[in-house]
Amino acid sequence: MAVIIKVPRIGVRATRRKVLIFGAAICVIGLLVAGSVFYRYWTRYGQIVGNRLKEPLFVHTAQIYAAPPEVRPGQTLSAQWVVHELQQAGYTAQGQTPASAMGTYATGPETVTVSPGPDSYHAEDRAAIDFANGTVDQIVDANGAQLAAYELEPLLVTGLSDQSRAKRRLVTFDELPKDLAGAVTSIEDRRFFQHGALDYDGILRSVLHDMMPGRHSLEGASTIDMQVAKMFFLTPQRTFKRKFLQVIIALQLEHRFSKQQIFQMYANEAPLGEVGSYAIDGFGEAAQAYFGKDVGQLNLPECALLAGMIQSPSWLNPFRHPQRAMVRRNVVLDAMVETGAITKKQAEQAKAMPIDVVPGAFDSGEAPWFTELAREELRQRLKDPDYNERGLRIYTSIDPQLQQVAQNAVSDGLKRTDEVVRARYKRLLRYDERRGIKPPPLVYPQVALVALNPHTGQVLALVGGRNYATSQLDHAIAHRPTGSIFKPFVYATAFNSSLAGTPLTNPSGVSGLFTPLTLLHDEPTTFTFDNGQTYSPHDFENHYFGDVPAVEALYRSLNNATVELAEMVGYDNVANVARTAGITSVQPTPAMAIGSYDATPLEMAGAYTVFANDGVKIDPWMLASVRAPNGNVIANYTPETTPVLDPRAAFLTLGLMEQVLNNPHGTGAGIRGMGFIAPAAAKTGTSHDAWFAGFTSNLLCVVWVGNDDYSQLNIEGDRAAGPIWGDFMKAAVQLSQYSDTEQFVPPPGVVQLQLDDTSNLLADAACPDDWTGTFLNGTQPTATCDRPMGNPQNILQKIFGLGQRPVNPPPPPKLAQQPKLAPNTAAPAQPAETQNNNAGQAPEQKKKKRGFWARLFGRHDNNKPQDEQNPRQ
């Protein structure tokens, strides 16, 4: 029989009450504990955030500034251009508040008045620039005096990277385009400007996701506030504790800053990939690195691309993965439509745009090879390991416009050279396939370009390779055999020695004075030097010209004739001149005369200032001044100069080099065919590599092209390096600051006159084909081409090929100093690469001596056709 026991209901209610009380107590205790923990971390990380914010969020790395643009009367410039330059430099219009400490400007009808401020590179000297008909009419200072020139404020080129090799350009929220903010928030944090530090919906999704087995991605929870917290205060470690700390710090940031300030931090710190060895941080730097423009100039598809890269900068790098970047960009555009940031029509138009990144933007805009050289020079000069954390303003020599021209010339020239390389490689493949030989890999050449002011040594532009993103090796400071661009130093030494009173003695023992018409012997020759060592050079394609005047030996780049001249003047003397000019590796051997020793393109540019600057070498320089953030001068630098040649010897050599371009048989004549018509002097060079070096009255440029593996380029200097030089110089003279090229002006004691092409006598109406000869006064021909019997050469000069009667040169000007040449030193063993330069020739032979009649009439080797390809080394 069942017994039913009734439990009083009051007992059940009591139990439930106890459970509720206990649960509430647990909750309260939990809340108290959580609150205590939260308060502890809030207080602790509040102090950490506060201490961190007492210092600048970003390291103030040294800022690299360009050379100040110079304005001169007569230049083709507009007032708008000057105003734009001033605005780029940070000047504000007069009356605008706040006024810039850098300076202010005022505009009027055809006038711009410039007033540098206390932070300016220049003294606070006001000037008014007047314009008329698209040119600068006059420049007047504050006292009404006319100025011959006026320098504007130098522009910022880039900031040095920090210790982690990160580069950034700091921007403010107001400088960011509206589309960039819309793109970032649409894809990263749609409610950023509406919610607080946390997006609670996102956090809930993240927690539920992470509670699933094997899921610990912590995805979907991070607001921009939380990303900023992670960027500046936390490690990348992915844990729940790190996520909790992100929340604490994000709340602290939200408490201290406005949404615009937080977004500005994010915009300057967001990692956006790498270019070369540099990390690109922030949208300011990314705009320059990928598009070659200021962040404020970005259009909608460019903004969407950068915003899309935040997810995975390396995976979505538009240089390496353009298709991925495009897909991601379009996702961002769709997100912007969903948030109402843009219309569907705008998105479709933007999607139709290609990925328009600029591969050379970083190289030309940031000038990375130049910047790294400047960094190294700073380190050596300042001897302060922390110099890059003091916000120094580094004023340099670089011209941003010319740097862009250099980068364009290199890019276009390499495309042509690469075509030649590929065509040659295809022929090699067919040849090797027939012989069953495995062909070597295809190698594309590297390049260097150095441009400087030949009268100041200012390095105006520098390109160190094909692309900084793929190779950071700076070929502008890489040592390579100089090839035939060394030859002018042989001819200069001959002129200098003669002016110093040292006659030249030809192989037959007869002495005389060296002139452009001195006959040299171009024929296969074995030269003996240094206790019996021998050297047998050969000319290009083994094509020899017999007896030739010195000017022809240089413009045709004849090896044997040049080595003979070096022997006549003395290998030691040539080596001493070259070393004084900065080519320190040379040794007094025959191979030296044709450029078998090494130098860098930067060194050769410095050496060539000797010819353009009246015989004085000016060391190339990049640093002008180092200043504190407030403009106070820490150090100013001046270039070093060294007298190398008598000014007349320098100009006489320059006259020979002009014919390299102007004579139709010159190895550089193709430059004139490219449309470059400015007065210039140059020399081509081919060794392992290709060289082209030359200058106008106001710009000097050296170009090198060669292979990193030191293999033979097998393309002549006028075909590989010459077109790059020609493109660069042709574009440079279109810029206002280099357009006023002038004819070279001979120094006292040097004369220039027109000579007949055939007879090398004075040209007249009967001989219209002429060229400009440059002579020491008193050594020039006096007979005319239609009356050759007036030839002043005597019988001995005709026999021994000295070109004219020996005359006493006029005394050198009092200010012209002869260089102090180092004592002669014994020549070392000939380099292995030059000892066997007679491959493929007839057996070695002693110097051939031409017959009596050949010497008497200076006859060329008539067995050689005169229209064959120009020989050059």
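Residues numbered from 1 in each chain as written. Predicted model: local features only at pLDDT ≥ 70, side-chain atom pairs only at ≥ 80, totals over all residues. Heavy atoms only, no water.

**What about the overall build of the protein chain?**
Point 1. In terms of helices and strands, the protein chain carries 26 helices and 32 strands.
Point 2. The buried share among the 873 residues of the protein chain stands at 53%.
Point 3. In the protein chain, once contacts between residues fewer than 6 apart in sequence are set aside, the share between residues at least 24 apart is 69%.
Point 4. With an accessible surface of roughly 39400 Å², the protein chain has 54% of that area assigned to carbon and sulfur atoms. (Helix = DSSP H or I, 4+ residues; strand = E, 2+ residues; numbered from the N terminus. Buried < 20%, exposed > 50% of the residue type's maximum accessible area, 1.4 Å probe, protein only. Contact = heavy atoms within 4.5 Å. Areas by Shrake-Rupley, 256 points an atom, 1.4 Å probe, with all protein chains shown as cover.)

**Some details on the packing of helix α17 (residues 559-569) against helix α18 (residues 571-580)**
Point 1. One way to put it is that α17 packs onto α18 with a least axis distance of 5 Å and a crossing angle of 95 degrees. Considering their axes alone, α17 and α18 lie roughly perpendicular with respect to each other. Where α17 approaches α18, its residues Val563, Ala566, Glu567 and Val569 are matched on the opposing element by Tyr571, Asn573 and Val574. (Axes fitted to C-alpha atoms, helices over the stretch in contact; angles between N-to-C directions. Parallel < 35°, antiparallel > 145°, perpendicular 65-115°, else oblique.)

**Side note on the sheet that holds strand β1 (residues 63-65)**
Point 1. If you trace the 5 strands from one edge of the open sheet to the other, you get β9-β1-β13-β25-β26, paired in mixed fashion. Across the chains shown, the open sheet's two edge strands, defined by having one partner strand only, are β9 (156-159) and β26 (633-636). If you compare each strand with its neighbour and ignore which way they point, the axes differ by 20 degrees on average. (Pairing = 2+ DSSP bridges.)

**Observations concerning the state of the cysteines**
Point 1. Under the criterion given, the structure shown has 1 disulfide.
Point 2. The disulfide partner of Cys767 is Cys785, and the S-S distance across this bridge is 1.9 Å. Negative torsions about the S-S bond denote left-handed disulfides, and the value of about 115 degrees found for Cys767 with Cys785 makes this one right-handed. Placement of the pair is Cys767 in the loop between β31 (750-756) and β32 (770-776) and Cys785 in the loop between β32 and α24 (795-800), with a sequence separation of 18 residues. Residues Cys767 and Cys785 agree in their burial class; the two are buried. (Disulfide = S-S within 2.5 Å.)

**Quick notes on unusual backbone geometry**
As a rule of thumb, non-glycine residues mostly have phi less than zero, and peptide bonds are mostly trans rather than cis.
Point 1. A cis amide bond links Thr97 with the next residue in sequence, Pro98, at an omega value of -5 degrees.
Point 2. You can see Pro98 is positioned in the loop between β3 (92-93) and β4 (103-108).
Point 3. Phi at Asn531 is positive, roughly 60 degrees, even though this residue is not glycine.
Point 4. Structurally, Asn531 can be placed in the loop between β20 (527-529) and β21 (533-535).

**A closer look at the environment of Val733**
Point 1. Structurally, the position occupied by Val733 is in the loop between α23 (722-732) and β31.
Point 2. Using a relative accessible area of 17% as the deciding quantity, one classes Val733 as buried.
Point 3. Between the C-alpha atom of Val733 and that of Leu699, which follows or precedes it by 34 residues, the distance is 9.0 Å.
Point 4. Apart from residues no more than four positions distant in its own chain, Val733 is found in contact with Phe676, Ala678, Tyr738, Ser739 and Thr741.

**Comments concerning α17**
Point 1. Counting buried positions over the 11 residues of α17 gives 10, a clear majority of the element.
Point 2. Among all positions in α17, only Asn559, Asn560, Ala561, Thr562, Val563, Glu564, Leu565, Ala566, Met568 and Val569 are buried.
Point 3. At the C-terminal side of α17, Gly570 shows a positive phi close to 105 degrees.

**Considering the pattern of salt bridges**
Point 1. Summed over the entire model, instances satisfying the criterion amount to 20 salt bridges.
Point 2. Residue Lys617 is joined to Asp619 by a salt bridge in which the shortest nitrogen-to-oxygen separation is 2.6 Å.
Point 3. Owing to a relative accessible area of 11%, Lys617 belongs among the buried residues under this scheme.
Point 4. For Asp619, a relative accessible area of 23% puts it in the partly exposed group.
Point 5. Of the charged contacts, one joins Arg648 and Asp646 as a salt bridge, the two residues approaching to 3.0 Å between their closest N and O atoms. When sorted by exposure, Arg648 lands in the same class as Asp646, which is buried.
Point 6. Beyond isolated ion pairs, a larger network of salt bridges with shared partners links Glu70, Arg72 and Asp740. (Salt bridge = Lys/Arg side-chain N within 4 Å of Asp/Glu carboxyl O.)

**Some details on the environment of Ala476**
Point 1. Among the secondary structure elements, Ala476 is positioned in the loop between β15 (459-463) and β16 (480-481).
Point 2. Once the C-alpha coordinates of Ala476 and Thr600 are considered, the two residues, 124 residues apart in sequence, prove to be 6.2 Å apart.
Point 3. Not counting chain neighbours up to four residues away, the residues in contact with Ala476 comprise Ala448, Val450, Leu462, Val463, Gly464, Thr600, Pro601 and Leu602.

**Side note on the packing of aromatic side chains**
Point 1. Using the criterion set out here, one finds 19 aromatic pairs in the structure.
Point 2. Between Tyr121 and Tyr395, the ring centres sit 4.3 Å apart and the planes meet at 40 degrees, which makes this aromatic pair tilted. In this pair, Tyr121 is assigned in the loop between β5 (111-116) and β6 (127-132) and Tyr395 in strand β13 (residues 393-396), connecting sequence segments 274 residues apart.
Point 3. Overall, the relative accessible area of 1% leaves Tyr395 in the buried class.
Point 4. Measuring from centroid to centroid gives 5.3 Å for Tyr290 and Phe319, while their planes differ by 45 degrees, and the two rings are tilted. (Phe/Tyr/Trp six-rings, centres within 6.5 Å; stacked < 30°, edge-to-face > 60°.)

**What to know about the sheet that holds strand β30 (residues 700-706)**
Point 1. Across the sheet, 5 strands lie side by side as β15-β14-β30-β29-β28; this open sheet has antiparallel pairing. The open sheet is flanked by β15 and β28 (681-686), the only strands paired with a single partner. Strand after strand, the sheet turns through a mean of 5 degrees between neighbouring axes, direction not considered.
Point 2. In the sheet, strand β29 (residues 690-695) pairs with β30 via 6 bridges, with the strands oriented antiparallel. Opposite Trp691, over in β30, you have Trp704 as the bridge partner.

**A closer look at the confidence of the model for the protein chain**
Point 1. Across the protein chain, pLDDT averages 82, with 80% of residues at or above 70.
Point 2. The element-level mean pLDDT for the protein chain is lowest in helix α26 (residues 852-857), coming to 33, with helix α19 (residues 601-612) highest at 98.
Point 3. Within the model, the stretch residues 216-220 combines pLDDT values under 50 with 15 contacts to residues more than four positions away or in other chains.
Point 4. Note on residues 789-873: pLDDT is under 50 here. Beyond four places in sequence and across chains, it has 189 contacts. (pLDDT = per-residue confidence, 0-100.)

**Overview of a positive patch on the surface**
Point 1. Taken together, the side chains of Arg422, Lys426, Arg427, Arg430 and Arg434 present a region of like positive charge at the surface.
Point 2. Relative to the assigned elements, Arg434 resides in helix α14 (residues 400-435).
Point 3. Using a relative accessible area of 65% as the deciding quantity, one classes Arg434 as exposed. (Patch = residues over 30% accessible without salt bridge, like charges linked within 9 Å, V, L, I, M, F, W, Y side chains within 5 Å. Lys, Arg positive; Asp, Glu negative; His and termini not counted. Charge placed at Lys NZ, Arg CZ, Asp CG, Glu CD.)

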